[in-house]
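# Analysis of the macromolecular model
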Amino acid sequence: MTDAPYRKWVCDACGYIYDEAKGDPDGGLPPGTRYEDMPDDWQCPLCGLRKADLRPLPDAPAAVSDLPGPAESAGSGKHRSRRFRSAEHLIIVGAGVAGWSVAEAARRRDPSLPILLVTACEGAVYAKPSLSTALAHGRAPAELVDASAEERAAELGIEVLTRTRVLKLDPAKRRLITARGGIAYGRLVLALGARQRRLDIDGDAADAVLRVNDLRSYRDLRQRLDGGHRHITLLGAGLIGCELADDLTAAGHRVSIVDPGQRPLAALLPADVAERLRERFDTKGVDWRLGQTLARVDHADGALRATLADGTTIATDLVLSAAGLLPITEPAARAGIAVQRGIVADRRLRTSLPDVYALGDCAEVEGRCFSYIEPIRRQAEAIAADIAGEDAPFLPLPPLVRIKTPSLPISVCNGQIAAGADAAHWQRVSDGADGTRLEHTGTEPAFVLTGSYAQLGTELYRTHFG
Amino acid sequence: MSAAIQIPEPTAAGRIPPAVQTADELVAATRAVVEHELAPLTARIDTEGLYPKTVMHSLGAAGAFRPHLPDARPDGRHDFGAAIRAMAAVSHECLSTGFATWCQDTCAWYLQMGEAEARDLWLEQLASGRVLGGTGMSNTMKAFSGIEDLRLTGERVDGGYIVNGSLPWVSNLGVDHVFGSLFTLSGDTNRTVMALVDCSSPGFTLRQSAHFVALEGTRTFACLFDNVFIPDAHVIDHDGAGFLRRARAGLVLLQFGMGAGNIQGCIDVCRGAETLLGHVNQFLDDRPDELQEELDDIVEAVLTLAETPYETSEDFFREILQLRLAAGELALRASQSAMLHTGAKGYLSSAPAQRKLRESYFVAIVTPATKHLRKELARIEAEEA
């Protein structure tokens with residue numbers, strides 16, 4: 001016999017506690033039976049497992065998880081299912097500039113309208129254009145965030161439901177179907193945004209191609225970039241591709257740009273201006289692969305090997321796709337809402353379904369998608385006005401586009417005309433070492449400003465469009 | 001226990017039914033089995049722990065275990081939605097049998113998603129309901145969420161693995177049943193193997209111990225492995241972690257059959273009390289029409305997610321977990337409401353309301369349980385931020 005104190009043991013499958021002092025009389029073990037004296041074929045009375053499955057009962061409770069518990073987390077109770085019943089609710093789907101702008105505009109007009117913003121992402125408020133300039137400015141992704149979804153919602157006096165994708169729209173019942181349950185709507189605003197076009201790429205690293213179109217994917221990019229100088233293969237020499245290339249090279253990374261066209265920004269700029277941008281990029285060491293497409297990406301020696309359609313290869317660390325945006329329209333199309341390239345909306349941003357609006361990257365008005373901040377804000381105002389019964393529709397003006405390429409800042413209005421027009425219709429107002437000012441003399445106003453003239457964009461835009 | 005491992009003959013192609021049942025036909029056939037064979041046994045399953053073996057074989061013959069298995073269908077497509085609806089029709093009457101159906105469906109799903117050899121040997125046996133099977137994956141799911149350690153260890157030997165360890169509470173088992181489970185390799189705990197376990201294997205013991213307040217008729221046993229040989233022909237995947245990543249969406253999606261059936265059963269109990277008690281029940285919360293609206297939304301979401309069971313992204317799985325959480329929570333509210341709507345009549349030991357109340361807790365505590373789901377969702381959100 002031993003005088004050692006009795007110990008307790010726990011069955012690690014079911015939590016049954018064997019106390020040596022009490023034994024297990026029903027299982028034939030009198031009080032005082034030590035673990036060492038228990039027969040090997042003893043059965044746990046709760047789950048049937050064996051003596052070997054008993055562990056000494058720890059003195060202290062298991063460490064508390066360091067995940068935020070429901071009480072401390074920002075949106076207390078956010079894991080719980082919630083019910084929204086009100087047919088008065090304005091429901092906004094999407095937390096990009098478009099979604100938040102509608103919330104702001106609607107709240108400004110009506111302090112008591114119940115508003116719920118539903119978003120598939122975390123919903124943080126940030127200026128999306130800053131994703132193109134953050135590297136050169138030395139800003140970490142976290143510094144780009146103005147407010148969390150919960151903070152902005154509290155400021156506006158609205159409810160927000162983050163990480164909740166809309167799976168389906170049920171117009172007959174006026175409900176949204178989400179993975180957290182159903183949400184009834186009175187009026188519905190679709191601000192679904194756009195996604196980066198997926199290119200058809202082969203190879204064992206095809207899944208490693210990054211597409212940056214939101215804060216989350218940008219964070220992912222920065223995680224791979226920060227802490228070293230890398231080589232990046234950029235797919236697409238459009239607006240996003242050029243802005244990222246300028247930012248990446250400014251931060252000391254090396255860049256190859258692959259594009260099937262013959263010059264950068266071919267859809268926005270006249271050929272000679274595009275050529276000038278290209279020359280500026282040359283001085284930063286940008287490796288142009290124009291007239292080319294990417295065929296495959298494979299893992300090679302701890303990095304990647306990009307193979308172009310003509311068989312040439314690029315040894316690279318990262319492949320970043322910026323091949324253009326496609327409006328997200330599936331939930332609307334599935335619900336029977338008219339969709340062409342984007343969700344079709346009129347000047348009041350009304351879709352083909354009553355009480356359902358669409359704006360921003362996912363919508364088209366009179367055949368055009370308006371993917372820039374300024375028209376999106378005007379669209380948001382038009383929706384709020386329509387809900388409030390005001391007659392203040394959206395005017396589909398050609399947007400003023402500021403291309404954030406510090407190597408050669410550019411402002412352009414009516415890019416399609418600018419890119420397509422022949423030189424005879426351009427009036428070269430100024431042209432010198434510090435920039436160019438081109439104005440189009442046709443029926444529709446258009447202009448291109450580069451270098452030091454770029455800052456005149458807003459002023460010139462006002463003279464044309466009021 | 002019998003000696004040699006019985007490996008069935010490979011599936012004869014002709015065993016697959018020649019025509020595809022539509023989802024509606026399947027649900028109707030399932031309901032017929034429920035009404036004629038299951039309903040007379042429901043009370044005994046609940047109170048005596050009777051295992052509905054013949055009902056399970058009949059459900060198999062009716063096609064209830066087949067729709068989510070492309071390789072067990074002549075058209076080579078899946079209809080996860082139909083499998084979930086059939087399971088809901090069973091769970092509406094009896095959640096013990098609904099759970100046994102989930103075990104069967106999930107075991108077959110593992111084979112569908114696994115190596116060709118094991119699939120050819122066993123898939124049709126399970127899809128047809130001739131062989132009954134379970135899933136010993138609760139421990140695995142918890143282990144991959146950092147809640148507990150893996151309990152089975154295997155050692156590589158010529159032609160297979162020798163497995164030791166024990167699993168508590170694996171359901172839908174019997175000496176002539178099989179189940180899918182996962183073990184770590186001794187000496188390399190980072191590697192896991194997914195395999196089908198034959199309950200008649202030498203060294204394998206089923207042990208019944210505890211009794212539960214519901215779900216008694218599910219043949220739930222502790223499984224003891226003493227040097228159990230698992231032949232390579234029974235390996236579902238030599239990369240267990242990769243397998244779980246591919247199979248997990250389907251595994252959890254199928255569980256909605258249990259939740260939806262239980263909740264609908266509770267709503268119908270509430271509605272059944274309406275004629276006599278509507279005048280006072282109108283003062284209750286969670287009225288049947290409100291519950292129905294919420295259930296319909298969940299079912300619509302489930303059927304949408306069920307269109308893409310092969311999707312492996314973290315975002316998709318997060319959505320399944322969110323919805324799974326919502327279903328568990330609604331089950332608790334619906335069963336509570338069934339009790340309050342029926343009053344003292346629902347409190348009788350023979351009343352469906354009190355049985356459904358006990359059953360509904362199962363929806364909320366079977367892996368992944370409510371607390372497990374909330375932990376998992378918190379982890380995913382923390383990783384994103």
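What you are looking at is a predicted structure, and each value in this text was computed from that prediction instead of being measured.

## Looking at the overall build of chain B
Check the secondary structure of chain B and you find 13 helices and eight strands. Compactness check: chain B gives a C-alpha radius of gyration of 20 Å against a globular reference of 21 Å for 385 residues, within 12% of the reference. A principal-axis box enclosing the C-alpha atoms of chain B has dimensions of 70 × 50 × 45 Å. In chain B, the share of contacts with a sequence separation of at least 24, taken over all contacts with a separation of at least 6, comes to 77%.

## Looking at the domain arrangement of chain A
For chain A, the domain assignment lists domain 1 (8-56), domain 2 (90-195 + 326-387), domain 3 (222-321) and domain 4 (409-465). With centres defined by C-alpha atoms, the gap from domain 1 of chain A to domain 2 of chain A works out at 59 Å.

## Regarding the pairing of strand β21 (residues 318-321) of chain A
All names here are of chain A. The side-chain alternation of β21 yields two buried faces, one formed by L318 and L320 and the other by V319 and S321. Relative to β21, strand β14 (residues 210-211) runs parallel, the two being bridged by two bridges. Looking at the pairing, L210 lines up with L320 of β21. In terms of strand pairing, strand β15 (residues 231-235) meets β21 through four bridges, oriented parallel. The residue of β21 that forms the bridge with I232 is L318.

## What about the nonpolar core?
It is characteristic of soluble globular proteins that their nonpolar side chains tend to be buried jointly. Core analysis: the biggest nonpolar cluster contains 238 residues, and V102(A), V189(A), L190(A) and L359(A) have the highest contact counts within it. The element best represented in this core is helix α8 (residues 240-272) of chain B, accounting for 16 residues. Ignoring sequence-local partners within four residues, the contact set of V102(A) consists of I92(A), V189(A), A191(A), L359(A), A380(A), I383(A) and A384(A).

## A short note on the domain arrangement of chain B
Residue and element names in this part refer to chain B. When cut into domains, chain B gives domain 1 (13-132), domain 2 (136-239) and domain 3 (241-384). Tallying the contact residues gives 24 residues for domain 1 and 24 residues for domain 3. Counting residues per element, the ones that place at least two in the side of domain 1 that touches domain 3 are α2 (42-48), α4 (80-93) and α5 (95-112). Here the side of domain 1 that touches domain 3 takes ten residues from α4, the largest share from any one element. Its residues assigned to classes, the side of domain 1 that touches domain 3 shows 14 nonpolar, eight polar and two charged.

## Here we look at the interface of chain B and chain A
At the interface, 33 residues of chain B touch 30 residues of chain A. Mapped onto the side of chain B that touches chain A, the elements with two or more residues apiece are β3 (160-170), β7 (221-231), α10 (288-305), α11 (314-342) and α13 (370-384) of chain B. Looking at the side of chain B that touches chain A residue by residue, the classes come out as 15 nonpolar, five polar and 13 charged.

## Description of the packing of α5(B) against α8(B)
All names here are of chain B. Direction vectors running N to C along α5 and α8 enclose 165°, while the axes themselves pass 10 Å from each other. One element, α5, and the other, α8, form an angle in the roughly antiparallel class. Here α5 runs over α8; the crossing is right-handed. Within the contact between the two elements, α5 uses L95, G98, F99, W102, D105, T106, W109 and Y110 and α8 uses A247, G250, L251, L254, Q255, G257, M258, G261 and N262. For the contact of α5 with α8, the per-class residue count stands at nine nonpolar, seven polar and one charged.

## As for the sheet that holds strand β12 (residues 187-190) of chain A
Residue and element names in this part refer to chain A. With respect to topology, five strands assemble into an open sheet ordered β8-β5-β4-β12-β24, the strand pairing being parallel. On the outer flanks of this sheet lie β8 (159-161) and β24 (356-358), each paired with one strand and no other. On average, each strand axis in the sheet is tilted by 20° relative to the strand beside it, whichever way the strands run. Examined bridge by bridge, strand β4 (residues 90-93) and β12 share four bridges and lie parallel to one another. In the sheet register, L90 faces β12, and the bridge partner there is R187.

## Notes on unusual backbone geometry
With an omega of 0°, the peptide bond between T367(B) and P368(B) qualifies as cis. Non-glycine residue R163(A) carries a positive phi angle of around 50°. Counting through the fold element by element, R163(A) comes out in the loop between β8 and β9 (166-170). Despite not being glycine, N172(B) has its phi angle at roughly 60°, a positive value. Here N172(B) is to be found in the loop between β3 and β4 (178-185). For N172(B), a count of 27 C-beta atoms within 10 Å corresponds to the buried category.

## Some points on the UniProt feature "domain: Acyl-CoA dehydrogenase/oxidase N-terminal" (unreviewed entry) in chain B
Feature annotation in UniProt places "domain: Acyl-CoA dehydrogenase/oxidase N-terminal" (unreviewed entry) on residues 24-129 of chain B, given in this structure's numbering. Between the end C-alpha atoms of residues 24-129 of chain B the distance is 20 Å, and the span holds 72% helix and 0% strand.

## Digging into α10(B)
Compared with an ideal rise of 1.5 Å per residue, which puts 18 residues at 26 Å, α10(B) spans 25 Å between its outermost C-alpha atoms and is within 8% of the ideal. P288(B), L291(B), E294(B), L295(B), D297(B), I298(B), V299(B), A301(B), V302(B), L303(B) and L305(B) are the residues of α10(B) that are buried. Those residues of α10(B) hidden inside the fold are in contact with β9, β10 (175-178) and β11 (181-184) of chain A together with α4, α8 and α11 of chain B.

## Some words on the packing of α11(B) against helix α12 (residues 352-365) of chain B
Residue and element names in this part refer to chain B. Running from N to C, α11 and α12 cross one another at 170°; their axes reach a closest spacing of 8 Å. Of the possible angle classes, the one that applies to α11 and α12 is roughly antiparallel. Read as a crossing pair, α11 and α12 show a hand that is left-handed. Side by side, α11 and α12 meet where A327, G328, A331, L332, A334, S335, A338, M339 and T342 of the first sit next to A353, Q354, K356, L357, S360, V363 and A364 of the second.

## A word on the sheet that holds β11(A)
Residue and element names in this part refer to chain A. Overall, antiparallel pairing links the three strands, which are arranged β9-β10-β11 in an open sheet. Two strands bound the open sheet, and with one partner strand each, they are β9 and β11. Averaged over neighbouring strand pairs, the angle between their axes works out to 25° when direction is ignored. Where β9 meets β10, four bridges bridge the pair, whose relative direction is antiparallel. Its bridge partner lying in β10, K168 is registered against I177.

## As for the environment of R139(A)
With respect to the helices and strands, the residue R139(A) is situated in the loop between β6 (125-126) and β7 (145-147). Sequence-distant contacts of R139(A), defined by excluding residues within four places in its chain, comprise A134(A) and L144(A).

## A look at the environment of D79(B)
Residue and element names in this part refer to chain B. Mapping D79 onto the fold places it in the loop between α3 (53-62) and α4. C-alpha of D79 to C-alpha of L340: the two residues are 261 residues apart in sequence and 37 Å apart in space. In this structure, D79 is in contact with A23, P67 and H68, ignoring residues within four places of it in sequence.

## Digging into the pairing of strand β17 (residues 287-290) of chain A
Residues and elements named next belong to chain A. Here strand β16 (residues 254-259) pairs with β17 via four bridges, running parallel. Within β17, the position partnered with D259 by the bridge is L290. Once you follow β16 into helix α5 (residues 271-283) and on to β17, the crossover reads as right-handed.

What counts and what doesn't
- Residues numbered from 1 in each chain as written.
- Chains lettered and ligands numbered in written order.
- Predicted model: local features only at pLDDT ≥ 70, side-chain atom pairs only at ≥ 80, totals over all residues.
- Helix = DSSP H or I, 4+ residues; strand = E, 2+ residues; numbered from the N terminus.
- Rg over C-alpha atoms; globule rule 2.2 N^0.38 Å.
- Contact = placed C-beta atoms within 7 Å.
- Domains from an automatic or database assignment.
- Buried ≥ 20, exposed ≤ 12 C-beta atoms within 10 Å, placed from the backbone.
- Pairing = 2+ DSSP bridges.
- Core = buried A, V, L, I, M, F, W, Y, C linked by C-beta atoms within 7 Å.
- Nonpolar A, V, L, I, M, F, W, Y, C, P; charged D, E, K, R; others polar.
- Axes fitted to C-alpha atoms, helices over the stretch in contact; angles between N-to-C directions.
- Parallel < 35°, antiparallel > 145°, perpendicular 65-115°, else oblique.
- Left-handed = near helix turned anticlockwise from the far one by under 90°.
- UniProt positions renumbered as here; feature names shortened; annotations may be inferred.
- Expected span 1.5 Å × (residues − 1).
- Right-handed = clockwise from strand over helix to strand, strands pointing away.

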